[in-house]
Amino acid sequence: EAQVTQNPRYLITVTGKKLTVTCSQNMNHEYMSWYRQDPGLGLRQIYYSMNVEVTDKGDVPEGYKVSRKEKRNFPLILESPSPNQTSLYFCASGRGGAGANVLTFGAGSRLTVL
Amino acid sequence: QKEVEQDPGPLSVPEGAIVSLNCTYSNSAFQYFMWYRQYSRKGPELLMYTYSSGNKEDGRFTAQVDKSSKYISLFIRDSQPSDSATYLCAMRVMNYGGSQGNLIFGKGTKLSVKP
């Protein structure tokens, strides 16, 4: 089944404790992206990657890091999480070029930072 | 002015009604227009995709783009309780900074179709 898999789905952590949210896709997509979704603010893009070793900032990159060493994986790293990073996170992937408009989303990762 | 404006609702309609969902935008460089549907506790899924102006129909769903007015719409005919979800519009420019640019989402409209 074609899918985007995120882990963990739910996480409660404390301020300053580094964490990584993994994202993997099995569709051989070039494009991958991370979003956060907050009430009243909608979906906002954190980082995206057009291909392996190519990443770029989205609208809200502060406090996050990403890497794209393999085509299928695009982990999101929070080096020192803070409470304002409590949110619902989505990873998405798509084909390159205009295909990046047709995104397949993961099921989401709900993160709480205390 | 935000790039993409979308009324968050909630919008409640009876089963069988025609639903109209809308977004306005300010960036005339947007070329690609999408509608995503998000069920509760799920990730968004692509519903409709149009390039530039015009209409596109898929079953009970029709997407319209009016670039002169910077306005896009999604119409749902014969709405069903299974259509109850949040609908997000999304847009992208072409050749922004040499790349495809960011996909910009509206905040979403929550729709409830009552049996």
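Fair warning: this is a prediction, and the values are worked out from it, not measured in the lab. (Residues numbered from 1 in each chain as written. Chains lettered and ligands numbered in written order. Predicted model: local features only at pLDDT ≥ 70, side-chain atom pairs only at ≥ 80, totals over all residues. Heavy atoms only, no water.)

Draft legend 1. Geometry of the environment of Met50(A). Residue placement: Met50(A) occurs in strand E5 (residues 42-51). For the pair formed by Met50(A) and Gly97(A), sequence separation is 47 residues and the distance between their alpha carbons is 8.5 Å. (Helix = DSSP H or I, 4+ residues; strand = E, 2+ residues; numbered from the N terminus.)

Draft legend 2. Spotlight on the side chain of Gln6(A). If you trace the backbone, Gln6(A) turns up in strand E1 (residues 4-7). In this structure the side chain of Gln6(A) is engaged in a polar contact, spanning 3.0 Å, whose partner is the backbone oxygen of Tyr89(A). (Polar contact = N/O pair within 3.5 Å; in protein donor to acceptor, adjacent residues only side chain to side chain.)

Draft legend 3. The arrangement of the state of the cysteines in detail. Considering all chains together, one arrives at two disulfides over all chains under this definition. Disulfide pairing is shown between Cys23(A) and Cys91(A); the S-S distance is 1.9 Å. On the S-S bond that ties Cys23(A) to Cys91(A), the torsion sits near -75°, and the link is left-handed. Linking Cys23(A) in strand E3 (residues 19-25) with Cys91(A) in strand E9 (residues 87-94), this pair joins segments that are 68 residues apart in sequence. A relative accessible area of 0% means that Cys91(A) is categorised as buried. Covalently, Cys23(B) is tied to Cys89(B) through a disulfide, its sulfur atoms 2.0 Å apart. (Disulfide = S-S within 2.5 Å. Buried < 20%, exposed > 50% of the residue type's maximum accessible area, 1.4 Å probe, protein only.)

Draft legend 4. Representation of the confidence of the model for chain B in the model. Confidence in the prediction of chain B, expressed as mean pLDDT, is 90, and 93% of residues score 70 or more. When mean pLDDT is taken per element in chain B, strand E3 (residues 19-25) of chain B scores highest with 97 and strand E10 (residues 103-105) of chain B scores lowest with 87. (pLDDT = per-residue confidence, 0-100.)

Draft legend 5. Layout of the sheet that holds E3(A). Residue and element names in this part refer to chain A. Taken in spatial order, the four strands line up as E1-E3-E8-E7 in an open sheet, and their pairing is antiparallel. Here the strands that pair on one side only, and so sit at the sheet edges, are E1 and strand E7 (65-66). Taken together, the two bridges between E7 and strand E8 (residues 76-78) define a ladder with antiparallel strand orientation. Pairing of Lys65 across the sheet is with Ile77, part of E8. (Pairing = 2+ DSSP bridges.)

Draft legend 6. A look at unusual backbone geometry. Note that the residue after Asn7(A), namely Pro8(A), is joined by a cis bond; omega there is 0°. Within the secondary structure layout, Pro8(A) lies in the loop between E1 and strand E2 (10-13). Note that the residue after Gly9(B), namely Pro10(B), is joined by a cis bond; omega there is 10°. Look at Glu53(A): it is not a glycine, yet its phi comes out positive at around 65°.

Draft legend 7. Just the interface of chain A and chain B, in detail. Opposite the 23 residues of chain A that make contact, chain B presents 19 residues. Here chain A meets chain B over a buried area of about 1,700 Å², counting both sides, of which 51% is carbon and sulfur. A per-residue breakdown of the area chain A buries against chain B is headed by Leu43(A), Asn101(A) and Phe105(A), which together make up 32% of the total. At the boundary of chain A with chain B, the tally comes to zero salt bridges. (Contact = heavy atoms within 4.5 Å. Buried area = accessible area lost by both parts, 1.4 Å probe. Salt bridge = Lys/Arg side-chain N within 4 Å of Asp/Glu carboxyl O.)

Draft legend 8. Local environment of the pattern of salt bridges. Going through the model one piece at a time under the given rule, you end up with eight salt bridges over all chains. With a closest N to O distance of 3.0 Å, Lys65(A) and Glu79(A) form a salt bridge. One end of the pair, Lys65(A), is in strand E7; the other, Glu79(A), is in the loop between E8 and E9, and 14 residues separate them in sequence. For Lys65(A), a relative accessible area of 42% corresponds to the partly exposed category. A salt bridge links Arg60(B) to Asp83(B); the shortest N-O distance between them is 2.8 Å. Taken as a pair, Arg60(B) in the loop between strand E6 (54-58) and strand E7 (61-66) and Asp83(B) in the loop between strand E8 (71-76) and strand E9 (85-93) lie far apart in primary sequence, 23 residues in all. Taking the relative accessible area as the measure of exposure, Arg60(B) reaches 24% and is therefore partly exposed. Asp83(B) sits in the buried class, given a relative accessible area of 2%. Beyond isolated ion pairs, a larger network of salt bridges with shared partners links Lys18(A), Lys65(A) and Glu79(A).

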